[in-house]
Amino acid sequence: TEQVKLQVNSLFIAGRYRKLVRNIPQSKWFCSNCHGKGCKKCDGTGKMYSESVEELISKQFLEATEGENTAFHASGREDVDARMLGKGRPFVIEILKPKKRFLDLKALETAVNMHANGKVEVSNLRFTSKEVVRRLKKAELAQKEYRVLIEFENEVSEDALRLLEEKLSGVMVKQQTPLRVLHRRADLTREKYIYKVKVKKVSLRRALMEIRCQGGLYVKELVSGDDGRTMPNVSDLLGNKAKPLKLDVLNVIINDCAR
Ligand SMILES: [Zn+2]
């Protein structure tokens, strides 16, 4: 007998997500020990973190479409310990082999947000195409706005913070791949432009810094200096060792591609 293969096109839905709590990775992160099989280290889950943005969002899409699987595409990613605030980060969810294609996206948005229970929130859901996934990846380098809480080793003056604003605004930063990601990224030097920096003192040794920069800048290393691998940096500019305590992405500035 002859087999008839039926190809079912994927369904693509675009939107934006906000991550309102820290310590959730964007995508499923397999246990470094067992690589997903499940072991003692990961409590048998096979994962480093019990949930991810991808998983929190995908479940409802899969149920609503009765699809086989999903793939999650986003325009860049925030660190696991960083929140994603503001209008959120653009993403596209691809549903493989969906049985249902006609969805009430408003109802789906509500269902996803109920399920994600204040950890993750989606908005602006709309049907889109594969082409947009490609453009989404390209837009990784779009401008971003960050806010980072900095702790200094020594007391910091208002004058020092004004100097910081001056020295870091309109500046090209040279950044060698951070030590913390060197095990999974090539050792390269990148140049990233900072448009504007604003700093506000919040206590004797702490300040809040807002940065608008080219996407892909490693903000934690801009603060610490990463052993001189990021130049210029906050620690060196002030001669006062600086540590990033909390990082938030405030805005991902891109046009939301085509509808
Ligand atoms: Zn494991």
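Use the structure listed above.
Thresholds, definitions, all that
- Residues numbered from 1 in each chain as written.
- Predicted model: local features only at pLDDT ≥ 70, side-chain atom pairs only at ≥ 80, totals over all residues.
- Heavy atoms only, no water.
- Helix = DSSP H or I, 4+ residues; strand = E, 2+ residues; numbered from the N terminus.
- Buried < 20%, exposed > 50% of the residue type's maximum accessible area, 1.4 Å probe, protein only.
- Contact = heavy atoms within 4.5 Å.
- Areas by Shrake-Rupley, 256 points an atom, 1.4 Å probe, with all protein chains shown as cover.
- Phe/Tyr/Trp six-rings, centres within 6.5 Å; stacked < 30°, edge-to-face > 60°.
- Expected span 1.5 Å × (residues − 1).
- Arc of directions from axis to C-beta.
- Polar contact = N/O pair within 3.5 Å; in protein donor to acceptor, adjacent residues only side chain to side chain.
- Axes fitted to C-alpha atoms, helices over the stretch in contact; angles between N-to-C directions.
- Parallel < 35°, antiparallel > 145°, perpendicular 65-115°, else oblique.
- Left-handed = near helix turned anticlockwise from the far one by under 90°.
- Nonpolar A, V, L, I, M, F, W, Y, C, P; charged D, E, K, R; others polar.
- Donors = N, O, S within 2.8 Å, 3.2 Å for Na, K, Ca; no water.
- Tetrahedral: all angles 85-135°; square planar, octahedral: opposite > 155°, others 65-115°.

A. A look at the overall build of the chain. The number of helices and strands found in the chain is 6 helices and 10 strands. Residues classed as buried in the chain amount to 45% of the 259 residues present. Sequence separation of at least 24 residues holds for 75% of the intrachain contacts in the chain that already meet a minimum separation of 6. Total accessible area on the chain stands at roughly 14100 Å², and carbon and sulfur atoms take up 49% of it.

B. Looking closely at the packing of aromatic side chains. According to the stated counting rule, one finds 5 aromatic pairs in the structure shown. With 6.2 Å between their ring centres and 50 degrees between their planes, tyrosine 17 and phenylalanine 91 make a pair best called tilted. One end of the pair, tyrosine 17, is in strand E1 (residues 11-19); the other, phenylalanine 91, is in strand E3 (residues 83-96), with 74 residues separating them in the sequence. Here the aromatic residues Tyr17, Phe72 and Phe91 are joined through ring pairs into a cluster of three or more.

C. Region of interest: helix H2 (residues 105-116). Helix length check: H2 (12 residues) gives 16 Å between terminal C-alpha atoms against 16 Å at 1.5 Å per residue, within 8%. If you check which residues of H2 are buried, you get Leu105, Leu108, Glu109, Val112 and Ala116. Taken around the axis of H2, the buried residues stretch over an arc of 105 degrees, which confines them to a single face. For H2, the exposed residues lying more than 90 degrees away from the buried face are Lys106 and Met114. Looking at the buried positions of H2, the neighbouring elements they touch are E1, helix H1 (53-65) and strand E4 (120-128). Capping the start of H2 is the job of one residue whose side-chain oxygen sits 3.2 Å from the backbone nitrogen of lysine 106: aspartate 104. Two residues or fewer past H2, asparagine 117 is found with a positive phi of approximately 50 degrees.

D. Looking closely at unusual backbone geometry. A cis amide bond, omega -10 degrees, links methionine 231 with the succeeding residue proline 232. Within the element layout of this structure, proline 232 appears in the loop between strand E9 (230-231) and helix H6 (234-238). Here asparagine 23, not a glycine, exhibits a phi torsion of approximately 65 degrees, which is positive.

E. The packing of H1 against H2, seen in detail. Where H1 meets H2, the axes come as close as 9 Å, and the angle between the chain directions of the two elements is 135 degrees. Looking at the two axes, H1 sits oblique to H2. Between H1 and H2 lies a crossing of right-handed hand. Of the residues in H2, those in contact with Leu56, Ile57, Lys59, Gln60, Phe61 and Ala64 of H1 are Leu108, Ala111, Val112, His115 and Ala116. Here the residues of the contact of H1 with H2 are counted per class, giving 8 nonpolar, 2 polar and 1 charged.

F. View of the coordination of the zinc ion. Distances from the zinc ion to its protein donors, Cys31 (SG), Cys34 (SG), Cys39 (SG) and Cys42 (SG), fall within 2.3 to 2.4 Å. Of note is the zinc ion, whose 4 donor atoms meet at the metal with angles of 104 to 113 degrees in an arrangement that counts as tetrahedral. Counting along the primary sequence, the residues that act as donors to the zinc ion give the motif C-x2-C-x4-C-x2-C.

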